[in-house]
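# Structural features, examined
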Amino acid sequence: MEILKQISESLEKGDFNRVGELTQQALDQGLDPKVILDDGLIAGMSIVGQKFKVHEIFLPDVLLAAKAMYAGMDLLKPLMIKENIPSIGKVVMGTVQGDLHDIGKNLVSIMLKGAGLDVIDLGNDVPPAKFVDTAISENADVIGISTLLTTTMPVMGEVVEMAKERGVYGKVKIIVGGAPLNADYAEQIGADAYCFDGVNAVDCVKRFLGAG
Ligand code: B1M
C-alpha cells in the first residue's frame, strides 16, 4: 500500500514530521495500527539497519530514524493499549546495562500493556541488580530483558545469576528478547523463554501466568 511505503521511506530519511503526518493519515484511512507498525515503521527501520551495517548511512542518520520511529509509535501507542482493564500480572521490563536501544523494548511493553499486563519499565542501561530488586519489591511475576547488542548479551546471564543469588529464580520467570538472541542462547544462560517479538512475549507471559 502506497502510504505504508511512504512511511517507510520517510523514516529512512529521518523525516520525523512527515512520519507523524503519514501515520496519522494512515490511521484516518482506517488502517490497522499493527499493519502501520509492521509494514511502515518497522519495515523502514530494518532498511536503516541494513544501510548502517554497510556504512551507507551513519549514526546521526540512525538517530533521526529512531526519532521518526517514535513520532509514529507515539500515535499508535494509545490505540494498542486498552485502558481500565484489570491487570492479569506484573512484568518488570528493561534493556540491559551498556545498551541504549529501547525502541523494541518499548514496543514489547506496549503490547504487554495492551494484553492487560502491568508493566514496570526500567528504561535502558539497566544494571542486573535493578531488574531483580525491582521484581522482588514490586512482587512481579516476570522479568523481561531486552538487548540489541552482541556485546551486552552476557549481561542477561548476570540477571539470571542475580535472581539465583536473591532466591527468586524459578519463582519470577525470566524472558529475554532482542535481534541477536535465539532460543539456544536463552536456554544456555538459564532464562525461562526466548521471545521473538511482542506478540510472542505476550504468549510467553500469559503461559507463565496460566492465562494463555
Ligand atoms: Co544501533 N545497532 N547502535 N542504534 N541500531 C543495531 C542493533 C545494529 C544491529 C546495527 C547494524 O550494525 N546493522 C548494531 C549491533 C551490532 C551487534 O551488536 N552485532 C548496532 C550498533 C553497532 C550500535 C552502536 C554500537 C553504534 C556505534 O555507536 N558505533 C550504538 C550502541 C549504543 C549503545 O547502546 N551503547 C548504537 C546506537 C544506536 C542508536 C542510539 C543510534 C539507535 C537506537 C535508538 C533507540 O533505541 N532509542 C540505534 C538503532 C535505531 C539501531 C537499529 C538500526 C534499529 C533498532 C530498532 O529499533 N529496530 C539496529 C539495526 C537493526 O536492528 N536492524 C541497530 C526496530 C525494533 C522494533 O526492533 O529492537 O529488534 P528490535 O525489537 C524487536 C525484537 O528484537 C523483539 O521485539 C521487538 C519488536 O518486534 N524484542 C523483544 C526486542 N526486545 C525484546 C524483549 C522481549 C521480547 C522481544 O522480551 C523481554
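Residues numbered from 1 in each chain as written. Predicted model: local features only at pLDDT ≥ 70, side-chain atom pairs only at ≥ 80, totals over all residues. Heavy atoms only, no water.

Here the protein is partitioned into domain 1 (2–82) and domain 2 (90–209). Here domain 1 and domain 2 have C-alpha centroids that lie 25 Å from each other. Taken together, the contacts link 12 residues of domain 1 with 9 residues of domain 2. Between domain 1 and domain 2 the total buried area reaches about 930 Å² when both faces are included, carbon and sulfur atoms providing 78% of it. In terms of surface lost to domain 2, no three residues of domain 1 exceed Y70, M73 and M80, which account for 46% of the buried area on that side. The tally of links between domain 1 and domain 2 comes to 0 salt bridges. Counting across the domain 1 and domain 2 interface gives 2 residue pairs in polar contact (both at pLDDT 80 or more). Looking at the side of domain 1 that touches domain 2, the elements with two or more residues in it are α3 (33–53) and α4 (59–80). In terms of residue count, α4 provides more of the side of domain 1 that touches domain 2 than any other element does, 6 residues in total. (Domains from an automatic or database assignment. Contact = heavy atoms within 4.5 Å. Buried area = accessible area lost by both parts, 1.4 Å probe. Salt bridge = Lys/Arg side-chain N within 4 Å of Asp/Glu carboxyl O. Polar contact = N/O pair within 3.5 Å; in protein donor to acceptor, adjacent residues only side chain to side chain. Helix = DSSP H or I, 4+ residues; strand = E, 2+ residues; numbered from the N terminus.)

Neighbouring residues of the ligand: 31 residues in total, closest L100, H101, D102, S146 and T150. One nitrogen or oxygen atom from the main chain of I103 is found 3.5 Å from an oxygen atom belonging to the ligand. Residue assignment for the shell around the ligand shows that the elements contributing at least two residues are α3, α4, α5 (103–114), β3 (142–146) and β4 (173–177). The residue makeup of the shell around the ligand, split by class, is 18 nonpolar, 9 polar and 4 charged. A domain split of the shell around the ligand shows at least three residues from each of domain 1 (2–82) and domain 2 (90–209). (Near = heavy atom within 4 Å. Nonpolar A, V, L, I, M, F, W, Y, C, P; charged D, E, K, R; others polar.)

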